[in-house]
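Below are the chains, spelled out letter by letter.
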Amino acid sequence: MSMAPDRPRLTNLDQLRLAFYWMASHILWGALMTFVVQNEMERMAPEFKARFTGITLGIGSIAAVVIPLLIGPLSDRCRHPLGRRRPFILWGTALCVLGIGGLAVSSSLSSIPLFIGAFFFTNLGNNVATAAYSGLIPDIVPVEDRGSASGWMAVMSQSGTLIGMVLGAFLSGGATTLLILYGLLAGALIHALIVTIRGVKETPLTQVIPMPKFAEYLRSLLEPFKSADFRWVWITRALVVMGFYTVQPYLKFFVGDVLKPSDVSTGTLLIGAVVLISAALAGYFGGKLSDKIGRKRTVIWANSLMGVVCVGFAAIVSFPLAIAAAVLFGATYGAYYSVDWALGTDVLPNLDDAGKDMAVWHVAMTLPTSLSAPIAAYAIESGGVTKTLVDGETVFRYQHSGYVALFILAAVYVLLGAFFLRRVKGST
């Protein structure tokens, strides 16, 4: 029996509520992955800041790879009165908030191992929630609304990341303000949880669906890849995510080491804000446009232009040029991201297994994050590091050639993503 009956059309308010938790999650990661981890590694291990940033993000992302594969099928079979997905969003948020508390403790103790462990636990909880949350779109959104719903997801994710970056830029530099930041991040998740529990309506599952045996389950994870379209869309998403997260965690270091504005945090925030505002605008209109001209065509053009912009970034050494490039990068990334979810749901092989298949789809975002950050750190360090005295303090800077390698690497990833998407046949 299918669990994917005809769905009622959603209003804009319904789509906004559905995307609200996504925004809160991006507030969390906008702060942590742009400023908090970087500032903490600069404080605790300044000579090896890129290396320990990569290690932290790589280890933390292991939870993001494994947890969705467990939670997806569990949520497919959940018979809780709240529905299949919302109970996991509830408990995942609780775990994530505990992890944020651990980050606060590790910061006060200046312990890198404890910080990495707390970051891993924060990732674990967030992915329990978002893995189940990923199943809500194919559960609730009818096909004719998926483009606009995906556009809302893009707007809310970019807006959330921008809010997180603003909070991180101004609150992650001192011990007291950092504690305030952690409290705000936890509060945003709790507020979004309330909106999701109260505002998103699920139909509880009534039939009993047995869990497969472990060996059968492992084989079932490979089932979606028997669909050539799903396989190529998954690969495309993984490559684009690798390109983005090759650059994003090290943006603050690039600004401080190469562009050298008077205030590094403000300069980083300005570039990030330009990227995200451009992405949000392109994301909203891109989602609607993709319903008319086709998802695949939108993504191919967006990825190709994104790769060209990455190559341009490799040659930039002035702040004004970086701002101009940020506008173009944000617009192309936003156009891609607006279609990302819609394209993924278009190629799901079986809507009855939406939670499990979307968990496999989610891995295309999380696995590249765990791989790209350490690889990117190696690229940056390949150019060498210099040690200088600034106002009586020793400052370690990576050479520009390391960042050239970083941006070229990102360009290769996203251009390959554009190339492989041409193999998708079942989406226009």
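Residues numbered from 1 in each chain as written. Predicted model: local features only at pLDDT ≥ 70, side-chain atom pairs only at ≥ 80, totals over all residues. Heavy atoms only, no water.

Undergrad: So what about the overall build of the protein chain? Which residues, and what values?
TA: Check the secondary structure of the protein chain and you find 15 helices and 2 strands. Burial analysis of the protein chain (428 residues in total) assigns 60% to the buried set. Residue pairs at least 24 apart in sequence account for 83% of intrachain contacts in the protein chain once pairs closer than 6 positions are excluded. Surface accessibility of the protein chain: about 16800 Å² in total, with carbon and sulfur atoms responsible for 69%. (Helix = DSSP H or I, 4+ residues; strand = E, 2+ residues; numbered from the N terminus. Buried < 20%, exposed > 50% of the residue type's maximum accessible area, 1.4 Å probe, protein only. Contact = heavy atoms within 4.5 Å. Areas by Shrake-Rupley, 256 points an atom, 1.4 Å probe, with all protein chains shown as cover.)

Undergrad: Requested: an account of the packing of aromatic side chains, with residues and values cited.
TA: Each pair of aromatic rings is reported with the distance of its centres and the angle of its planes. The full count for this structure, using the stated rule, is 16 aromatic pairs. Ring plane angle 15° and centroid distance 4.4 Å describe the contact between Phe244 and Tyr333, whose orientation is recorded as stacked. With Phe244 in helix α9 (residues 228-247) and Tyr333 in helix α13 (residues 319-346), the pair connects residues that are 89 residues apart, well separated along the chain. Given a relative accessible area of 7%, Tyr333 falls into the buried group. When the centroid spacing of 5.1 Å and the interplanar angle of 80° are considered together, the rings of Phe254 and Phe407 count as edge-to-face. You can see Phe254 sitting in helix α10 (residues 251-259) and its partner Phe407 sitting in helix α15 (residues 400-421), a full 153 residues away along the chain. On the basis of relative accessibility, which here comes to 1%, the residue Phe254 falls in the buried class. An aromatic cluster of at least three residues, connected via ring pairs, comprises Phe244, Tyr245, Phe329, Tyr333 and Tyr336. (Phe/Tyr/Trp six-rings, centres within 6.5 Å; stacked < 30°, edge-to-face > 60°.)

Undergrad: Give a description of unusual backbone geometry that names residues and reports values.
TA: If you check the backbone angles, Ser110 has positive phi at about 55° while not being a glycine. Structurally, Ser110 is set in the loop between α3 (86-109) and α4 (112-133). Classification of Ser110 as partly exposed rests on a relative accessible area of 41%. One non-glycine residue, Lys260, lies in positive phi territory at about 55°. Looking at where Lys260 falls in the secondary structure, it is placed in the loop between α10 and α11 (264-293).

Undergrad: Describe the packing of α10 against α15, with residues and values.
TA: It is the contact of α10 with α15, at a shortest axis distance of 10 Å, that shows an interaxial angle of 140°. On the basis of their axis angle, the class for α10 and α15 is oblique. Remark: the crossing between α10 and α15 carries left-handed chirality. Across the interface between the two elements, Phe253, Phe254, Asp257 and Val258 from α10 touch His400, Tyr403 and Phe407 from α15. Taken together, the residues that form the contact of α10 with α15 break down as 5 nonpolar, 1 polar and 1 charged. (Axes fitted to C-alpha atoms, helices over the stretch in contact; angles between N-to-C directions. Parallel < 35°, antiparallel > 145°, perpendicular 65-115°, else oblique. Left-handed = near helix turned anticlockwise from the far one by under 90°. Nonpolar A, V, L, I, M, F, W, Y, C, P; charged D, E, K, R; others polar.)

Undergrad: Go over the side chain of Ser75 with me, naming the residues and quoting the values.
TA: Position of Ser75 among the secondary structure elements: in helix α2 (residues 49-76). Polar contacts involving the side chain of Ser75 include one to the side chain of Arg85, which spans 2.7 Å. Filtering out sequence-adjacent residues up to four positions away, Ser75 remains in contact with Arg84, Arg85, Phe88 and Ala132. (Polar contact = N/O pair within 3.5 Å; in protein donor to acceptor, adjacent residues only side chain to side chain.)

Undergrad: How would you summarise the nonpolar core if you had to cite specific residues and measurements?
TA: Ranked by internal contacts, the top residues of the largest apolar core, which has 124 residues, are Leu32, Tyr182, Leu185, Tyr250, Phe329 and Tyr403. Broken down by element, this core gets its largest block of residues, 17 residues, from helix α1 (residues 12-44). Setting aside anything within four residues of it in sequence, one finds Leu32 in contact with Val37, Gln38, Leu103, Phe119, Thr122, Tyr182 and Leu185. The next biggest cluster of nonpolar side chains, apart from the first, holds 7 residues, and it includes Met165, Ala169, Leu269 and Ala273. (Core = buried A, V, L, I, M, F, W, Y, C linked by side-chain atoms within 4.5 Å.)

Undergrad: I'd like to hear about the packing of helix α12 (residues 295-314) against α15, residue by residue, with values.
TA: Running from N to C, α12 and α15 cross one another at 165°; their axes reach a closest spacing of 8 Å. Judged by the inter-axis angle, α12 sits roughly antiparallel to α15. The interaxial crossing formed by α12 with α15 has left-handed handedness. Contacts from Lys296, Val299, Ile300, Asn303, Ser304, Met306, Gly307, Cys310, Val311, Phe313 and Ala314 in α12 reach His400, Val404, Phe407, Ile408, Ala410, Ala411, Val414, Leu415, Gly417, Ala418 and Leu421 in α15. Residue composition of the contact of α12 with α15, by class: 16 nonpolar, 5 polar and 1 charged.

Undergrad: Can you explain the pattern of salt bridges? Please cite residues and give values.
TA: Between side chains of opposite charge, pairing is possible as soon as their charged atoms come close. With the rule as written, the count across this model stands at 6 salt bridges. The partner of Glu40 in a salt bridge is Arg43, with the nearest N and O atoms 3.2 Å apart. Highlighted residues: Glu40 and Arg43, both in helix α1, separated by 3 residues, approximately one helical turn. Accessibility expressed as a relative area gives 3% for Glu40, which makes it buried. Judged by relative accessible area, which is 42%, Arg43 ranks as partly exposed. Glu42 is paired through a salt bridge with Lys252; the nearest N and O atoms lie 2.8 Å apart. Linking Glu42 in helix α1 with Lys252 in helix α10, this pair joins segments that are 210 residues apart in sequence. The class for Lys252 is buried, based on a relative accessible area of 7%. Among the ionic contacts, a cluster of salt bridges with common partners joins Glu42, Lys49, Lys252 and Asp257. (Salt bridge = Lys/Arg side-chain N within 4 Å of Asp/Glu carboxyl O.)

These values are about where atoms sit, not about what they do.
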